[in-house]
Amino acid sequence: MYLSYNDYTYLDKKFEPSKRLGLVRDEIKPRLFTQGMREVTMCSPVGMDGKNPMVDVFEEMPDDPFAVVYAHAIVRSWMVTPCIIKPNEAVVGITRPRYPLMEHFREGLIIREGSFREGNYPESEIERTERLLPRIHPSFTHKVPLARLEEIGCERYDAIGAEGVFGAAPYGHTIPNYVTLLENGLDGMLDRIEYWANINDKTEKTAEFYESARVIVRGMSEYLMMYSNKANELYLAEADPVQKQYYKDISENCAYVAHKKPKTLYQAVQLMWCLSLWDWVDCLGRVDQYLYPFYEYSVKNGDVISVEDSITSLMYKIWENGAHNTTISGCIPETGEDATNDLSYLFLQVLRSIHDTHPRMVVRVGENMPERLMELITTIWSEGMSDPTIVSDKLVIPALQNVEVTLEDARNYATLGCQEIEIPDKCNTGCEDGSMNLGKVFQIAMRGGMSEDSEGVRLGPETKSFIECETFEEFFDSFKTQLEFFTEIFCCQCSRAQEMRAAWYSKLVKGVFTDGCLEKGLNHDDGGPIYGHGVVETGGLAAVADSMTAIKKLVFEDKLISKQELLDALKANYDGYEKIRIMLLNGAPKFGNDNDEADTMAQRVLDAFWSELGKYRSVRGGVYTGACSLLDGGISQARHVGAMPNGRFKGDPFGNTMGPQPGSDKNGLTAMLASVAKLPLHKGIGGTTLNVILTQKMLATSEQRKNIGAIMRSYMANGGQMAQITTANLDDLIDAKAHPERHGDLIVRVGGYSCQFVQMSEESQNEIISRYVG
């Protein structure tokens, strides 16, 4: 249990930053980039200024090992980026501009064609950069062979990809080990590197890895000293005594953590922000847990700035630069006791006061989570926020144990990316490895394995087509056969993509700060981390399940629609077949209404895929698991899929989470939650979220908020995994389409992130509205 030193549990007022941080907030607001720009960390306040630092380094070091040159190039890109210290800020460091050659944890070094245009680089600079392609993308040999290559051939492989059956392109979010960094400091990290190098440095490959790690850590120290020196310059030039002291504090703080391990909260926040920047402002993990010892030290012993200013400074950096995720509350790994502490409340209070799409925050909901924390969450929702998302300890912890995670590590899980689940400090789960379009698989099954888009082209194995099936079970078997075929190919493709990332050292920075990498002498994508299970996003479940239910009931059981009539209606996109469409919409139950027939079908479809996934292991070592947090993937996947037997028109969105088809749930919130809780969500431990509409009208009074809190806690305790909230009222959404200038702060939840409604495309706006209306 944690001791409490301050009361941040209030509901009747909003957190107000100090005068100093209030000025920082007011300076940030007008310079904020759009949600989309912050989402991909394209928010540097400085330009490229004609620089191409990574190319410079590769040319200067033509004969050195690839990973070592790569590490020096990363360091150079940070060291040539100007030091920007804004007035009044306490924590410093900005993101880099998008130089023409940059690294990213998704795929390693990337030539960014747009940067040449944006920076007005000469043609000669483009040629100089492109000449490096053979070096920045080293050749390698795949160990994982293409599945079924002799059977299907390369042309069929290409057709499968072109028609949107799946996308096998691992992204690569992970949470580095902030705990180890804060407990050891940067000089201590160098000691750790030397310790393990003395044990494992036996080959050229391990020597290359350890030297690249040294370069990264020393570079971070140099970077912090660069900021210390800049702050000292500003200190010497500043006349105002208050601002002069701010610069002095920054200089001393950066100089201290450039080498020493932090003691105070202010020191810890500055050091972790440095790593976060170098990690592409990715995911920060359980911030209230690993920062608590420093909070406690500062409360007891004093600090240069208040604990509130330290946390607010960190949150403002996340707000401005778009970190993907933070996680609070949950349980203590060693004991399982509730882990809620003062910082859990303080982080939420600062989030509440910012009231924006960033920072993104997730609260872990355990059986012993304080009721007051849930009251604060519902209060934040009632004020129009879509954060925080909530996630269930009761479901997630044992589900992680099922994929070979120890109990203590499972209790320490955090969310990352767009609501995926991972073990911080120890994981590489692909996050995510790719996505499967169940709707497309269904349509291929309807045609016995043939393409819907290209006449005469076979995509899947030969099975009975829908018209040939005498019973529903025959058709479901055909669907399963297609699903098994595409799952095998998909998992193979994911592992081959992972091999590419390993060869290209895509996570060079992350590997230094991930358990297992230093200990084994292996880079992050080459088997270093302790855990390596796979994460596969799942699209189109509700559309497929409802289509299956409609076929079973209206075609095979009640025989109200013939097979040929249905096929004709689908081919015509229901043009001229409105009566059949109305029958399909209204004559068969739909998932999301607590109807056992419809919900059982959804269970069956999802279990067929996720159980099949579980038969395969990633090249990283762990089994593949399901997930569903599709961003706008429910829209893009649906573009590949024609009309379906649930009454859906060609191209209509699927929905972006594990919920009902938009507009199909008509029996209210509790019925929808009951349906989703019946799904085998324990097999979707990669992170399976649910869009939940809780309008501000539903949260208007204290009693309503308590009732909603009880409903959501019940969902978390009875089979639910995650819930992400949209609180906008329908009337406001409709008015925002017509008058966007009136609704700049109207926030909605997409499929893993929040966005200002008026910044979304019309197609995405319509998908949001469709969740409200049937």
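Predicted, not measured: the structure shown is a model, and the values here were computed from it.

**Things to note about helix α6 (residues 123-130)**
Those residues of α6 not exposed but buried are E125, I126, R128 and T129. One side of α6 holds all its buried residues, which, seen down the axis, span an arc of 160°. Buried residues along α6 sit in contact with α3 (53-60), β1 (101-104), β2 (108-111), α5 (113-118) and α7 (133-136).

**Considerations on the packing of helix α31 (residues 730-738) against helix α32 (residues 762-770)**
Taken N-terminus to C-terminus, the directions of α31 and α32 make an angle of 160°; their axes are 10 Å apart at the nearest point. Classified by the interaxial angle, the pair formed by α31 and α32 is roughly antiparallel. Crossing of α31 over α32 shows left-handed handedness. Between α31, through L730, L733 and K737, and α32, the contact on the second element is made entirely by E762, Q765, N766, I768 and I769. The residue inventory of the contact of α31 with α32, partitioned by class, reads 4 nonpolar, 2 polar and 2 charged.

**With respect to helix α15 (residues 307-321)**
For α15, spanning 15 residues, the distance from its first C-alpha to its last is 21 Å, which sits close to the expected 21 Å at 1.5 Å a residue. With 14 of 15 residues buried, α15 is to be regarded as a mostly interior element. The first or second residue beyond α15 is G322, which carries a positive phi of 80°.

**Examining the pattern of salt bridges**
Taken as a whole, this structure holds 47 salt bridges when the rule is applied. E452 is the salt-bridge partner of K440, the closest N and O atoms lying 3.8 Å from each other. In this pair, K440 is assigned in helix α20 (residues 438-446) and E452 in the loop between α20 and α21 (472-503), connecting sequence segments 12 residues apart. The class for K440 is buried, based on a relative accessible area of 0%. The residue K440 makes a salt bridge to D453 at a minimum N-O spacing of 3.0 Å. Here K440 is found in helix α20, whereas its partner D453 is found in the loop between α20 and α21, with 13 residues between them in sequence. One connected set of salt bridges, linked through shared partners, spans E163, K440, R447, E452 and D453.

**Considerations on a negative patch on the surface**
Residues E113, E123, E127 and E130 make up a contiguous surface patch of negative charge. Looking at the negative patch, the element that brings in the most residues is α6, giving 3 residues. Within the fold, E123 resides in helix α6. Among the residues examined, E123 registers a relative accessible area of 52% and is labelled exposed.

**As for the nonpolar core**
Core analysis: the largest hydrophobic core is formed by 226 residues, its most contacted members being W278 and L291. Ignoring anything within four residues of it in the chain, the contact list for L291 reads L182, L265, A268, V269, M272, I311, L314, L343 and F347.

**Section: empty space enclosed by the protein**
Evaluated as defined, the whole model comprises 4 cavities of 30 Å³ or more. If you add up the space inside the largest cavity, you get close to 80 Å³. Elements with a contribution of two residues or more to the lining of the largest cavity: α4 (66-79), β1 and α22 (508-512). Ranked by residue count, the leading element in the lining of the largest cavity is α22, at 3 residues. When grouped by side-chain class, the residues that make up the lining of the largest cavity number 8 nonpolar, 2 polar and 4 charged.

**Considerations on the sheet that holds strand β7 (residues 389-392)**
Taken in spatial order, the 6 strands line up as β4-β5-β6-β7-β14-β13 in an open sheet, and their pairing is mixed. Where the open sheet ends on each side, the last strands, each with one partner, are β4 (283-286) and β13 (691-693). This sheet shows a mean twist of 25° between the axes of neighbouring strands, independent of strand direction. Summarising the sheet, strand β6 (residues 361-365) and β7 pair through 4 bridges and their orientation is parallel. Paired with V365 across the bridge in β7 is S392. Along the sheet face, helix α18 (residues 393-402) touches β6 and β7 and points at about 55° away from the line of β7.

**Topic: the packing of helix α1 (residues 19-28) against α15**
Contact geometry for α1 and α15: axes closest at 11 Å, N-to-C directions at 5°. Here α1 lies roughly parallel to α15, going by the angle between them. In this structure, α1 uses L21, V24, R25 and I28 to contact α15, whose residues at the interface are D309, T312, S313, Y316, W319 and E320. Each residue belonging to the contact of α1 with α15 can be placed in one class, and the counts come to 5 nonpolar, 2 polar and 3 charged.

**As for the sheet that holds strand β12 (residues 624-627)**
Pairing between sheet strands relies on hydrogen bonds along the backbone, with the strands arranged either parallel or antiparallel. Strand order in the open sheet formed by 4 strands is β3-β10-β11-β12, and the pairing between neighbours is mixed. The open sheet has two edge strands with one neighbour each: β3 (166-167) and β12. Packing of α20 onto the sheet brings it into contact with β10 (434-437) and β11 (534-539), and relative to β10 it is tilted by some 40°.

**Some remarks on unusual backbone geometry**
A cis amide bond, omega 0°, links H358 with the succeeding residue P359. Phi angles above zero are rare outside glycine, and R148 is one such case at about 60°. Position of R148 among the secondary structure elements: in the loop between α7 and α8 (149-162).

**Looking at the packing of aromatic side chains**
Per the counting criterion, the structure on display carries 26 aromatic pairs. Relative to F66, the ring of F58 has its centre 6.2 Å away and its plane inclined at 40°; by these criteria the two rings are tilted. Summarising the burial analysis for this pair, F58 and F66 share the class buried. Relative to F486, the ring of F485 lies with its centre 5.1 Å away and its plane at 75°, an arrangement referred to as edge-to-face.

**A few points about the pairing of β1**
Taking every second residue as pointing to the same face, both faces of β1 are buried, with L101 and E103 on one and M102 and H104 on the other. In the sheet, β1 pairs with β2 via 4 bridges, with the strands oriented antiparallel. Each residue of the ladder has a partner; that of L101, found in β2, is I111. From the end of β1 to the start of β2, which pair antiparallel, there are 3 residues.

**Brief notes about the side chain of T625**
Mapping T625 onto the fold places it in strand β12. Of the polar contacts made by the side chain of T625, one reaches the backbone oxygen of G534; its length is 2.7 Å. With residues near it in sequence (within four places) discarded, T625 still touches V403, H533, G534, V535, V536, L613, K683, I685 and G686.

**With respect to the environment of S310**
Note on placement: S310 falls in helix α15. For S310, a relative accessible area of 0% translates into the label buried. Measuring from C-alpha to C-alpha, the distance between S310 and Y295 comes to 9.2 Å, with 15 residues separating the pair along the chain. Excluding residues within four positions of it along the chain, S310 makes contact with L265, Y266, V269 and I305.

Conventions and cut-offs
Residues numbered from 1 in each chain as written. Predicted model: local features only at pLDDT ≥ 70, side-chain atom pairs only at ≥ 80, totals over all residues. Heavy atoms only, no water. Buried < 20%, exposed > 50% of the residue type's maximum accessible area, 1.4 Å probe, protein only. Helix = DSSP H or I, 4+ residues; strand = E, 2+ residues; numbered from the N terminus. Arc of directions from axis to C-beta. Contact = heavy atoms within 4.5 Å. Axes fitted to C-alpha atoms, helices over the stretch in contact; angles between N-to-C directions. Parallel < 35°, antiparallel > 145°, perpendicular 65-115°, else oblique. Left-handed = near helix turned anticlockwise from the far one by under 90°. Nonpolar A, V, L, I, M, F, W, Y, C, P; charged D, E, K, R; others polar. Expected span 1.5 Å × (residues − 1). Salt bridge = Lys/Arg side-chain N within 4 Å of Asp/Glu carboxyl O. Patch = residues over 30% accessible without salt bridge, like charges linked within 9 Å, V, L, I, M, F, W, Y side chains within 5 Å. Areas by Shrake-Rupley, 256 points an atom, 1.4 Å probe, with all protein chains shown as cover. Lys, Arg positive; Asp, Glu negative; His and termini not counted. Charge placed at Lys NZ, Arg CZ, Asp CG, Glu CD. Core = buried A, V, L, I, M, F, W, Y, C linked by side-chain atoms within 4.5 Å. 1 Å grid on protein atoms, 1.4 Å probe; cavity = no way out; pocket = protein on both sides within 12 Å on 5 of 7 lines; lining within 4 Å. Points joined across faces, edges and corners; volume = space filled by probe spheres on them. Pairing = 2+ DSSP bridges. Phe/Tyr/Trp six-rings, centres within 6.5 Å; stacked < 30°, edge-to-face > 60°. Polar contact = N/O pair within 3.5 Å; in protein donor to acceptor, adjacent residues only side chain to side chain.

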